[in-house]
Amino acid sequence: MVQIVNNNLFTEISQKELMEATYDASGNFQIRAFFEAKDEILKTGKYSEEEFYEILDAMIDAETERKLVLERLIGNKPLFLEELAKIVKEFPPENVIRDIIYLKEQGYIEEQIEVITKKIIKKVKGEEKEVEIKEYFYRYQVKDLPDDFIEHFFEPVSIVFDSEVCCQCGWCSSVCPVNAITVTADTLEIDDDTCMKCGLCYSVCPRSFSIEQALLSINKLDKSLKFSDKINGYINTYSASTTSDKINKVRQDGGIVTSLLEYLLKNKLVDAAVAVQHSKDFWKPEPVIIEDIKDLYKTGGTKYANASTLNIIDKTKKYENIAVVGVPCMMNALEKGNLFPSGLPFFKNIKYRFGLFCMESFPYENVLKLIKEQFDKDYTKITKMDISGGKFIIYLDSGEDIRVPLNDVKSYARHNCHFCEDLTSDYCDISIGSIGSPSGWSSVITRTKKGEKIFKDAIKKGLIKSKSLKDVKPGQPLLERIAGTKRKNCKPINL
Ligand SMILES: Cc1cc2nc3c(=O)[nH]c(=O)nc-3n(C[C@H](O)[C@H](O)[C@H](O)COP(=O)(O)OP(=O)(O)OC[C@H]3O[C@@H](n4cnc5c(N)ncnc54)[C@H](O)[C@@H]3O)c2cc1C
Ligand code: SF4
Ligand code: SF4
Ligand code: SF4
């Protein structure tokens, strides 16, 4: 997880320079909009007065830091993020990197992309062939700005929804300080009369502007991580399965998600978990906050329709520590909310993030449609759905299972999933999916020290059995291959 350091960072800077930068920062449109809406914000009860000032303080600090970073980078030729981070000595490189990406969005910095085409020899179906690959290099430079330049301020996220790239994660709705946004699994509405145009929703939205280059560069700074451009930074990869009979009855693959949540709740490492269960409409996922372990078992198993899980994060404020389960777009949303606009996470109680692997999800209506059109079965008779070995599979209460080629159901998937490049939840504490592991086992990627620790602790307690992913077939090579294909086929977002 990216750790951005705020406050007490300005000790190396002269009082005069700091005051000038802070003065400039306080003129920022987003900060002013937030400050001026104090009464409306406190009225909603979402953030307390103390939190309001904590967020405001962090926003001013982050904007001040950006003004200072910008000054130090004026006059440099186009450089990689890591190179630019070294030029600014006063701030940690993680901060400088995230600042450059934000300054780019504010209109101060230009991104230059160089594409180099190379020919390499690759084995294709057993035969060695010469194939062309493209490599992308991203360099950044401060722009020459006209005197009348006005920095970009961020629009509300309706622009994301109207461009048909919203993944319906629900994060903007939880973050909006005045509750102006309503997100469902297929819709997003903003109450224009309530919206105070602070742009906070836009800065945390995973689909507004890309933070991929920032996160890649920040991850590479952590030398303790192994790195793959397909599955990103990680500590270890495993294949694992639950030892619990109770979880065996409800699990999708290895039952690892439910086992880990059970371990966290039982040992009071979290007070609640955010996951999804079946709603009253069978196979329609419903986001839930689980406090009681007996309710946890209702969440086991994959529902292939999408849910706006992050919508309910603002209902978890009474808990000191929570765990959140979600697909990669949701993990990206949480990571972006850790970085922007200030490096102060909106919901500091999120202690563990479990990211599922995900190739695509389906609108609920399309799940029903594909069951009817492709299988001609009653969906209430289905006990499990699965995607495995290139097939979409349904298991019926009669004990029968039916498989159709995955290609035949692809057209039912959500349009906005085509803009998603992350298969393995690149930014979370532990990623879990089926690709790479045998049936009844999960592939597990630990990405943070605390993720690795709880996974190992659950093994020590006998709740999980585990092997290295390198020791199972098809293992990590298949996982990396499919993750690479998803990245390659991802469509670019142009708002
Ligand atoms: C939409 C979707 C697509 C997926 N696609 C792939 C794929 O292409 N390749 C792959 O290897 N794995 C994929 N997975 C992950 C896989 O299906 C399992 O969730 C994963 O292997 C964990 O299995 P488990 O037995 O450890 O989980 P379990 O112990 O059974 O727990 C499952 C967890 O998933 C959560 N969940 C279920 N449905 C949803 C949903 N719609 N949205 C958010 N959370 C949900 C539940 O809250 C529960 O906590 C996908 C998951 C989803 C939700
Ligand atoms: S935060 Fe999520 S729900 Fe909101 S606009 Fe962005 S993608 Fe859509
Ligand atoms: S909708 Fe977005 S811009 Fe409007 S008040 Fe909410 S967070 Fe701010
Ligand atoms: S493919 Fe991407 S956008 Fe679609 S549900 Fe999965 S993680 Fe979200």
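Here, every reference points to the structure presented above.
A.B. asks: Provide a residue-level description of the overall build of the chain, including the pertinent values.
C.D. replies: A tally of regular secondary structure across the chain gives 17 helices and 17 strands. With the C-alpha coordinates of the chain rotated into their principal frame, the extents come out at 75 × 60 × 45 Å. In the chain, which comprises 495 residues, the share counted as buried stands at 53%. Within the chain, contacts between residues separated by at least 24 positions form 70% of all contacts whose residues are at least 6 apart in sequence. Total accessible area on the chain stands at roughly 23,200 Å², and carbon and sulfur atoms take up 50% of it. Looking at charge distribution, the chain has the averaged site of its 70 positive side-chain charges lying 8 Å from that of its 75 negative ones.

A.B. asks: I'd like a description of the sheet that holds strand E13 (residues 391-396), backed by residues and values.
C.D. replies: Across the sheet, which stays open at both edges, the 3 strands sit in the order E12-E13-E14 with antiparallel pairing between neighbours. The open sheet terminates on both sides in strands that have one partner only, identified here as strand E12 (382-388) and strand E14 (401-405). Sheet twist, expressed as the average angle between the axes of neighbouring strands with direction ignored, equals 15°. Relative to E14, E13 runs antiparallel, the two sharing 5 bridges. In the strand pairing of E14, Phe392 is matched with Val404.

A.B. asks: Account for the site of ligand 2, with residues named and values stated.
C.D. replies: In the vicinity of ligand 2, the contacting residues are Val157, Cys166, Cys167, Gln168, Cys169, Gly170, Cys172, Leu188, Cys205 and Pro206. Considering only residue class, the shell around ligand 2 consists of 8 nonpolar, 2 polar and no charged.

A.B. asks: Quick one: what's the story with the environment of Val367, residue by residue and with numbers?
C.D. replies: Inspection of the secondary structure assignment puts Val367 in helix H15 (residues 364-375). Since its relative accessible area comes to 3%, Val367 is described here as buried. Residues Val367 and Lys284, 83 residues apart in the sequence, show an inter-C-alpha distance of 8.9 Å. Other than its neighbours up to four places away in sequence, Val367 contacts Tyr304, Ala305, Phe362 and Met385.

A.B. asks: Pulling in residues and values, what's your account of the site of ligand 1?
C.D. replies: In the neighbourhood of ligand 1, 30 residues make up the surrounding shell, with Asp253, Gly255, Thr258, Thr302 and Ser434 lying closest. Separating an oxygen atom of ligand 1 from a side-chain N or O atom of Asp253 is a distance of 2.6 Å. Measuring from a nitrogen atom of ligand 1, one finds a backbone N or O atom of Phe357 at 2.8 Å. Here ligand 1 has 900 Å² of accessible area as a free molecule, and 98% of this is covered by the chains. Broken down by secondary-structure element, the contributors of at least two residues to the shell around ligand 1 are helix H12 (256-266), strand E8 (272-278) and strand E15 (430-433). Broken down by class, the residue content of the shell around ligand 1 amounts to 14 nonpolar, 12 polar and 4 charged.

A.B. asks: Help me get a handle on the pattern of salt bridges, residues and values and all.
C.D. replies: A side chain of one charge can pair with a side chain of the opposite charge when the charged atoms of the two come close. Counted under the stated rule, the structure contains 31 salt bridges. For Glu421, the salt bridge identified is with Arg487, shortest N-O distance 3.8 Å. Residue Glu421 is located in the loop between E14 and E15, and its partner Arg487 is located in helix H17 (residues 475-489); the two are separated by 66 residues in the primary sequence. Residue class for Glu421 comes out partly exposed when judged on its relative accessible area of 21%. Accessibility expressed as a relative area gives 18% for Arg487, which makes it buried. Put simply, Glu63, Arg66, Lys67 and Glu151 are held in one network by salt bridges that share partners.

A.B. asks: Before we move on, can you summarise helix H16 (residues 449-460) with the specific residues and values?
C.D. replies: Between its terminal C-alpha atoms H16 stretches 16 Å, which fits the 16 Å expected from 12 residues at 1.5 Å a residue. All of the buried residues along H16 are Gly451, Glu452, Ile454, Phe455, Asp457 and Ala458. Residue Gly462 follows H16 closely and has a positive phi angle near 80°.

A.B. asks: So, the pairing of strand E7 (residues 236-242): which residues are in play, and what are the values?
C.D. replies: Burial of E7 is extensive: 6 of the 7 residues sit out of reach of the surface. As paired elements, E7 and strand E16 (residues 442-446) share 5 bridges and run antiparallel to each other. Pairing of Thr237 across the sheet is with Ile445, part of E16. Two strands pair when backbone bridges link them, and E7 and strand E17 (residues 464-468) are joined in this way by 5 bridges, in the antiparallel orientation. If you follow Tyr238 over to E17, its bridge partner there is Ser468.

A.B. asks: Requested: an account of the packing of helix H1 (residues 15-26) against helix H4 (residues 49-73), with residues and values cited.
C.D. replies: Between two packed helices, what matters for the description is the angle formed by their axes and the separation of those axes. Close contact between H1 and H4 brings their axes to 8 Å; oriented N to C, the two are set at 115°. For H1 against H4, the interelement crossing comes out right-handed. Each of Glu17, Leu18, Ala21, Thr22, Asp24 and Ala25 in H1 lies in contact with H4, whose residues at this interface are Ile60, Glu63, Thr64, Lys67, Leu68, Glu71 and Arg72. Classifying every residue of the contact of H1 with H4 by side-chain character gives 5 nonpolar, 2 polar and 6 charged.

A.B. asks: Requested: an account of the side chain of Arg66, with residues and values cited.
C.D. replies: In this fold, Arg66 is placed in helix H4. Looking at Arg66, its side chain comes within polar contact range of the side chain of Glu63, at 2.9 Å. Polar contacts involving the side chain of Arg66 include one to the main-chain carbonyl oxygen of Pro341, which spans 3.3 Å. In this structure, Arg66 is in contact with Asp99, Tyr102, Leu103, Gln106 and Pro341, ignoring residues within four places of it in sequence.

A.B. asks: An account of the sheet that holds E15 is requested, with residue identities and associated values reported.
C.D. replies: Spatially, the 8 strands line up as an open sheet ordered E9-E8-E10-E11-E15-E16-E7-E17, and their pairing is mixed. Both outer strands of the open sheet, strand E9 (285-290) and E17, are each paired with one neighbouring strand and no more. The sheet shows a mean angle of 30° between the axes of neighbouring strands, direction not considered. Where E8 and strand E10 (residues 322-326) come together, 3 bridges link them in parallel fashion. When the sheet's bridge partners are listed, Ala272 is paired in E10 with Ile322. Against the sheet, helix H14 (residues 328-339) touches E10 and strand E11 (350-356), its axis set at about 145° to E11.

Definitions and cut-offs
- Residues numbered from 1 in each chain as written.
- Chains lettered and ligands numbered in written order.
- Predicted model: local features only at pLDDT ≥ 70, side-chain atom pairs only at ≥ 80, totals over all residues.
- Heavy atoms only, no water.
- Helix = DSSP H or I, 4+ residues; strand = E, 2+ residues; numbered from the N terminus.
- Buried < 20%, exposed > 50% of the residue type's maximum accessible area, 1.4 Å probe, protein only.
- Contact = heavy atoms within 4.5 Å.
- Areas by Shrake-Rupley, 256 points an atom, 1.4 Å probe, with all protein chains shown as cover.
- Lys, Arg positive; Asp, Glu negative; His and termini not counted.
- Charge placed at Lys NZ, Arg CZ, Asp CG, Glu CD.
- Pairing = 2+ DSSP bridges.
- Axes fitted to C-alpha atoms, helices over the stretch in contact; angles between N-to-C directions.
- Near = heavy atom within 4 Å.
- Nonpolar A, V, L, I, M, F, W, Y, C, P; charged D, E, K, R; others polar.
- Polar contact = N/O pair within 3.5 Å; in protein donor to acceptor, adjacent residues only side chain to side chain.
- Salt bridge = Lys/Arg side-chain N within 4 Å of Asp/Glu carboxyl O.
- Expected span 1.5 Å × (residues − 1).
- Left-handed = near helix turned anticlockwise from the far one by under 90°.

Don't take any of this as a statement about function, it's just geometry.
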